[in-house]
Amino acid sequence: MDNKTRDLEVEFQARIDSGENIEAKDWMPEKYRKTHIRQISQHAHSEVIGMLPEGNWITRAPSLRRKVALLAKVQDEAGHGLYLYSAAETLGISRDQLMEQLNSGKAKYSSIFNYPTVTWADIGAVGWLVDGAAIINQVMLTKTSYGPYARAMVRICKEESFHQRQGYEIMLTLCNGTEVQKAMAQDALNRWWWPSMMMFGPRDEDSPNTEQSMKWKIKKKTNDELRQQFVDQTVPQAEILGLTVPDPDLKWNEKTGHYDFGELDWEEFWNVVKGNGLCNKKRLADRNKAWDEGAWVREAATVHAEKKANRRLNKAV
Amino acid sequence: MNKEWPIWEIFIRSKNGLEHRHAGSLHAADAEMAIQNARDVYTRRQEGVSLWVVESKHITASNPEKNGELFEPAADKVYRHPTFYTLPDEIKHM
């Protein structure tokens, strides 16, 4: 590293330390730029892939009220993906490159969406647990150091809380229903609890990027801190539903003021990350199908826009 | 043919009497489509009563490396602020 770059990096870190935001045209270390492109695009891809397991239930929602809510939620996820792609593009990557990385499987997205939504209760559990976990992460990110990312997060957080509430309401309705309906809710919690816990990523000691991310204020809390926060706020919500969290080691700890909980199945975690989850292949195939089948629409819109522009030009002459 | 739609910057007036504010950006084939997309992406919850769309390439931004020469000269001109001027306490409405 030459002296000039070193000076710039010292100055950059001082700006971060003083709580200043970094904006698109500011000088930034190459690694800060790359880390952000990776993180923001993974986040955007998660919103986009996240539409698939929920879209699965739109046509089969049990009432019109549930259907409009789910449609609105899925439309929000599309919007969130778009906010985030735009934020990533401020760092000098194109939308087409981002799409290519997703569709080719080169880019990652949150593993949680590689689990199937097999019953209607899963839509409740996804809203309650998956959006609940996402909100914890996203609230932290509204204070992240990169301005365009932080602003996208503020917009997303405002919209996200309806998502969690509609999910919890689905669970509540099932739990106040018949024995079979309550069993369906319990089954959904059993299947979604651990994958939701995994959303916060590896344990701190296995997360080599955490230190740098904290230093650059990309993250303000570690994976384990966020996971603990999720457990502490979600367990009482399960109690209100009358459901049992599927963790025999779960216990309130008077001394720490937090819940103790059991070890996650890290083998499963890494297995899904590596592409061997239940739905990894289906999600990517569906995504590619949508992209390929939309190609003619994108082309037609471009040609139509050119035609209209030419017509205006000819009129002017 | 593989051509990416251009990027547009979206500005929203949240209600009459307030200015348009930058909300974010999106891709669209032309201005008309940018308005339609902006409506779907940025005003799903009554966030606005008016939209402006500007193709991003038409915006000229100042260079942050020149921030010193651009903005620092204002820093030592305290006399441009009312508090610079000392008046007796009994003076009202000034």
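Procedures and definitions
Residues numbered from 1 in each chain as written. Chains lettered and ligands numbered in written order. Predicted model: local features only at pLDDT ≥ 70, side-chain atom pairs only at ≥ 80, totals over all residues. Heavy atoms only, no water. Helix = DSSP H or I, 4+ residues; strand = E, 2+ residues; numbered from the N terminus. Rg over C-alpha atoms; globule rule 2.2 N^0.38 Å. Buried < 20%, exposed > 50% of the residue type's maximum accessible area, 1.4 Å probe, protein only. Contact = heavy atoms within 4.5 Å. Areas by Shrake-Rupley, 256 points an atom, 1.4 Å probe, with all protein chains shown as cover. Lys, Arg positive; Asp, Glu negative; His and termini not counted. Charge placed at Lys NZ, Arg CZ, Asp CG, Glu CD. Core = buried A, V, L, I, M, F, W, Y, C linked by side-chain atoms within 4.5 Å. Salt bridge = Lys/Arg side-chain N within 4 Å of Asp/Glu carboxyl O. Buried area = accessible area lost by both parts, 1.4 Å probe. Polar contact = N/O pair within 3.5 Å; in protein donor to acceptor, adjacent residues only side chain to side chain. Nonpolar A, V, L, I, M, F, W, Y, C, P; charged D, E, K, R; others polar. Axes fitted to C-alpha atoms, helices over the stretch in contact; angles between N-to-C directions. Left-handed = near helix turned anticlockwise from the far one by under 90°. pLDDT = per-residue confidence, 0-100. Pairing = 2+ DSSP bridges.

A. Examining the overall build of chain B more closely. A tally of regular secondary structure across chain B gives 2 helices and 3 strands. Going from N to C terminus, chain B has its helices and strands arranged as β-β-α-β-α. Computed over C-alpha atoms, the radius of gyration of chain B comes to 21 Å, more than 25% over the 12 Å expected from 2.2 N^0.38 for 94 residues, which places it beyond the range of a compact globule. The principal-axis extent of the C-alpha atoms belonging to chain B is close to 70 × 35 × 15 Å. Across the 94 residues of chain B, 24% fall into the buried class. Taking the intrachain contacts of chain B between residues at least 6 apart in sequence as the baseline, contacts between residues at least 24 apart amount to 43%. Split by element, the accessible area of chain B, about 7300 Å² in all, is 53% carbon and sulfur. Chain B carries 12 positive and 14 negative side-chain charges, and their two centres are separated by 5 Å.

B. Quick peek at the nonpolar core. Membership of the largest hydrophobic core comes to 92 residues, with the highest contact counts inside it found for Tyr-32, Trp-192 and Trp-193 of chain A together with Leu-26 of chain B. Beyond its immediate stretch of four places on either side in the chain, Tyr-32 of chain A contacts Phe-12, Ile-16, Ile-22, Ser-145, Tyr-146, Trp-216 and Ile-218 of chain A.

C. How the structure looks around the pattern of salt bridges. This structure, assessed with the given rule, holds 29 salt bridges over all chains. Between Asp-76 of chain A and Arg-44 of chain B there is a salt bridge, with its nearest N and O atoms 2.8 Å apart. Placement of Asp-76 of chain A in helix H3 (residues 64–89) and of Arg-44 of chain B in the loop between helix H1 (31–42) and strand S3 (50–55) is noted, with the two residues assigned to different chains. Asp-76 of chain A sits in the buried class, given a relative accessible area of 2%. Between Glu-205 of chain A and Arg-203 of chain A there is a salt bridge whose closest N-O contact spans 3.8 Å. Taken together, the shared-partner salt bridges connect Glu-54, Lys-73, Glu-77 and Asp-131 of chain A into one network.

D. Representation of the interface of chain A and chain B in the model. In this assembly, 25 residues from chain A lie in contact with 23 residues from chain B. When chain A packs against chain B, close to 2000 Å² is buried across both sides, 49% of that on carbon and sulfur atoms. For the pair chain A and chain B, the number of links is 7 salt bridges. Counting across the interface, chain A meets chain B through 16 residue pairs in polar contact (both at pLDDT 80 or more). Mapped onto the side of chain A that touches chain B, the elements with two or more residues apiece are H3, helix H4 (95–103), helix H6 (147–175) and helix H12 (295–316) of chain A. Per-element tally for the side of chain A that touches chain B: the top contributor is H12 of chain A, with 9 residues. Residues that form the side of chain A that touches chain B fall into these classes: 7 nonpolar, 6 polar and 12 charged.

E. How the structure looks around the environment of Asp-30 of chain B. Along the chain, Asp-30 of chain B turns up in the loop between strand S2 (20–27) and H1. Residue Asp-30 of chain B is classed as buried on the basis of its relative accessible area of 14%. Considering only alpha carbons, one finds Asp-30 of chain B and Ala-61 of chain B, 31 residues apart in sequence, at a separation of 22 Å. Excluding residues that lie within four positions of it along the chain, Asp-30 of chain B makes contacts with Ala-305 and Lys-308 of chain A together with Trp-8 of chain B.

F. Expanded view of the packing of H3 of chain A against H4 of chain A. Residues and elements named next belong to chain A. Contact geometry for H3 and H4: axes closest at 10 Å, N-to-C directions at 115°. Relative to H4, the crossing made by H3 is right-handed. Between H3 and H4, the contacting residues are Leu-82, Tyr-85, Ser-86, Ala-88 and Glu-89 on the first element and Arg-95, Leu-98, Met-99 and Leu-102 on the second.

G. A look at the confidence of the model for chain B. In the predicted model, chain B carries a mean pLDDT of 94, and 98% of its residues have values of at least 70. What the predictor reports for the complex is a pTM of 0.93 with an ipTM of 0.90.

H. Spotlight on the sheet that holds strand S1 (residues 7–13) of chain B. All names here are of chain B. Spatial strand order, S2-S1-S3: 3 strands in an open sheet with antiparallel pairing. Pairing within the sheet leaves two strands with one partner each, and these edge strands are S2 and S3. Ignoring which end each strand starts from, the neighbouring axes of this sheet average 25° apart.

I. Just helix H10 (residues 266–276) of chain A, in detail. Residue and element names in this part refer to chain A. Taken as a whole, H10 has its buried residues at Trp-266, Phe-269, Val-272 and Gly-275. Contacts made by the buried residues of H10 are with helix H7 (179–198), helix H9 (223–241) and helix H11 (280–293). Here H10 starts with a cap whose side-chain oxygen sits 3.2 Å from the backbone nitrogen of Glu-267, and that cap is Asp-265.

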